[in-house]
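What follows is each chain in one-letter form.
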Amino acid sequence: MHEIKTKRVYDPPAPGDGTRVLVDRLWPRGLTKEKVKADLWLKEAGPSNELRKWFHHESANWTEFKTRYEQELSAKPEIIRELMAMASKGPLTLVYSAHSEEENQAVVIKEFLLKHQGTKGPDV
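In this text, all values refer to a predicted model and were calculated from it rather than measured experimentally.

Undergrad: Is there a simple way to explain the overall build of the protein chain in this structure?
TA: Helix and strand content of the protein chain: 5 helices and 4 strands. Going residue by residue from the N terminus, the α and β elements of the protein chain occur as β-β-α-β-α-α-α-β-α. The C-alpha radius of gyration computed for the protein chain amounts to 14 Å, which stays within 12% of the reference 14 Å derived for 124 residues, consistent with globular compactness. If one aligns the C-alpha atoms of the protein chain with their principal axes, the spans along those axes are about 35 × 35 × 20 Å. The buried share of the protein chain, reckoned over its 124 residues, is 43%. The contacts of the protein chain with a sequence gap of at least 6 include a subset with a gap of at least 24, amounting to 64%.

Undergrad: What exactly am I supposed to notice about the nonpolar core here?
TA: Buried together is how nonpolar side chains tend to be arranged in soluble globular proteins. Of all hydrophobic cores here, the largest spans 27 residues; its most connected members are Leu83, Leu92, Leu94, Ile109 and Leu113. Of all the secondary structure elements, the ones that give two or more residues to this core are helix H2 (49–55), helix H3 (62–74), helix H4 (77–89), strand E4 (92–96) and helix H5 (105–115). Apart from residues lying up to four places away in sequence, Leu113 is in contact with Met1, Ile4, Ile80, Leu83, Met84 and Leu92. Of all hydrophobic cores here, the second largest spans 5 residues; its members include Val9, Leu31, Val36 and Val95.

Undergrad: What is the right way to look at the environment of Glu82 in this model?
TA: Inspection of the secondary structure puts Glu82 in helix H4. Residue class for Glu82 comes out partly exposed when judged on its relative accessible area of 34%. With 24 residues separating them in the primary sequence, Glu82 and Ala106 have C-alpha atoms 15 Å apart.

Undergrad: Any chance you could explain the environment of Gln117 here in plain terms?
TA: Checked against the element boundaries, Gln117 lands in the segment after H5. Judged by relative accessible area, Gln117 falls into the partly exposed class, the value being 41%. Excluding residues that lie within four positions of it along the chain, Gln117 makes contacts with Met1 and Met84.

The rules behind the values
Residues numbered from 1 in each chain as written. Predicted model: local features only at pLDDT ≥ 70, side-chain atom pairs only at ≥ 80, totals over all residues. Heavy atoms only, no water. Helix = DSSP H or I, 4+ residues; strand = E, 2+ residues; numbered from the N terminus. Rg over C-alpha atoms; globule rule 2.2 N^0.38 Å. Buried < 20%, exposed > 50% of the residue type's maximum accessible area, 1.4 Å probe, protein only. Contact = heavy atoms within 4.5 Å. Core = buried A, V, L, I, M, F, W, Y, C linked by side-chain atoms within 4.5 Å.

These figures come from the coordinates and say nothing about function on their own.
Structure (structure tokens):
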């Protein structure tokens, strides 16, 4: 598997980004497709609306958010396999709109992919 990076959607794209996948359930406020420069918008990879609203990017909820979100990701093996396939072909950048660079869904997805590398995904 090639390098997997995370990057705020508001940061400019770079040549080393490789495949850029937007992993937000909602389109980033105020941005056009041209600004986002995502190769794919995989909104199904984002946390459910219920989990997203519960988390509300509160640091106190981060550990529980990660646990709940990993459960959601485990129930989406086709999405995980798709992301792993992209990462096997070249660099993959998971793009997100959250303010925090440490506490966002892209970080959880990256850790999840790295944990399952060498397999065909969760429950396989």
